[in-house]
Amino acid sequence: QVQMVQSGGGLVQAGGSLRLSCVVSGSFFIINAMGWYRQAPGKQRELVAGITSGGRTNYADSVKGRFTISRDNAKNTVYLQMNSLKPEDTAVYYCNADLVLDGKWSRGNYWGQGTQVTVSS
């Protein structure tokens, strides 16, 4: 059983900052790539930022230079630091992780519960 629990988010004015966290717990062997996605009303879920197990990152063009993804492997946690927030960043944010579940290299992909980020103008 794997759980991914998110924290952070909320309401902030444009130009402000927020930090999201996501902790992975339960029965697994290795955490591979982790990432943050978002879904705005009426839109498809989109990748915001990703980070490999080695720390290599990638970002959506819309957040480059404003958002930073990081991970603490000792704490099984991924973070998303969001600065210079804009109203168009308003969405439900989801963390995602690709896991190796056991010594047989069974894999699974898991999602956090989602957290609302609202940026007011």
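Residues numbered from 1 in each chain as written. Predicted model: local features only at pLDDT ≥ 70, side-chain atom pairs only at ≥ 80, totals over all residues. Heavy atoms only, no water.

In terms of regular secondary structure, the chain is built from 0 helices and 11 strands. Each helix and strand of the chain, ordered N terminal to C terminal, gives the series β-β-β-β-β-β-β-β-β-β-β. Whereas a compact globule of 121 residues would reach a radius of gyration of roughly 14 Å, the chain reaches 14 Å, a difference of no more than 12%. Across its three principal axes, the chain shows a C-alpha extent of roughly 50 × 25 × 25 Å. The buried share of the chain, reckoned over its 121 residues, is 40%. For the chain, the accessible area works out to roughly 6400 Å², and carbon and sulfur atoms hold 48% of it. If you average the places of the 12 positive and of the 7 negative side-chain charges in the chain, the two averages end up 2 Å apart. (Helix = DSSP H or I, 4+ residues; strand = E, 2+ residues; numbered from the N terminus. Rg over C-alpha atoms; globule rule 2.2 N^0.38 Å. Buried < 20%, exposed > 50% of the residue type's maximum accessible area, 1.4 Å probe, protein only. Areas by Shrake-Rupley, 256 points an atom, 1.4 Å probe, with all protein chains shown as cover. Lys, Arg positive; Asp, Glu negative; His and termini not counted. Charge placed at Lys NZ, Arg CZ, Asp CG, Glu CD.)

Position of Ala60 among the secondary structure elements: in the loop between strand S6 (57-59) and strand S7 (67-72). Accessibility expressed as a relative area gives 18% for Ala60, which makes it buried. Each C-alpha atom, one on Ala60 and one on Glu46, is 8.6 Å from the other, the two residues being 14 residues apart in sequence. Residues within four places of Ala60 in sequence aside, it is in contact with Leu47 and Val48. (Contact = heavy atoms within 4.5 Å.)

Moving on, we get to the sheet that holds strand S8 (residues 77-82). The strands that make up a sheet pair up through hydrogen bonds in the backbone, lying either parallel or antiparallel. Reading across from one edge, S1-S3-S8-S7 is the order of the 4 strands in this open sheet, with antiparallel pairing throughout. Edge strands, defined here as strands with exactly one partner in the open sheet, are strand S1 (2-8) and S7. Within this sheet the neighbouring strands show an average axis-to-axis angle of 15°, counted without direction. (Pairing = 2+ DSSP bridges. Axes fitted to C-alpha atoms, helices over the stretch in contact; angles between N-to-C directions.)

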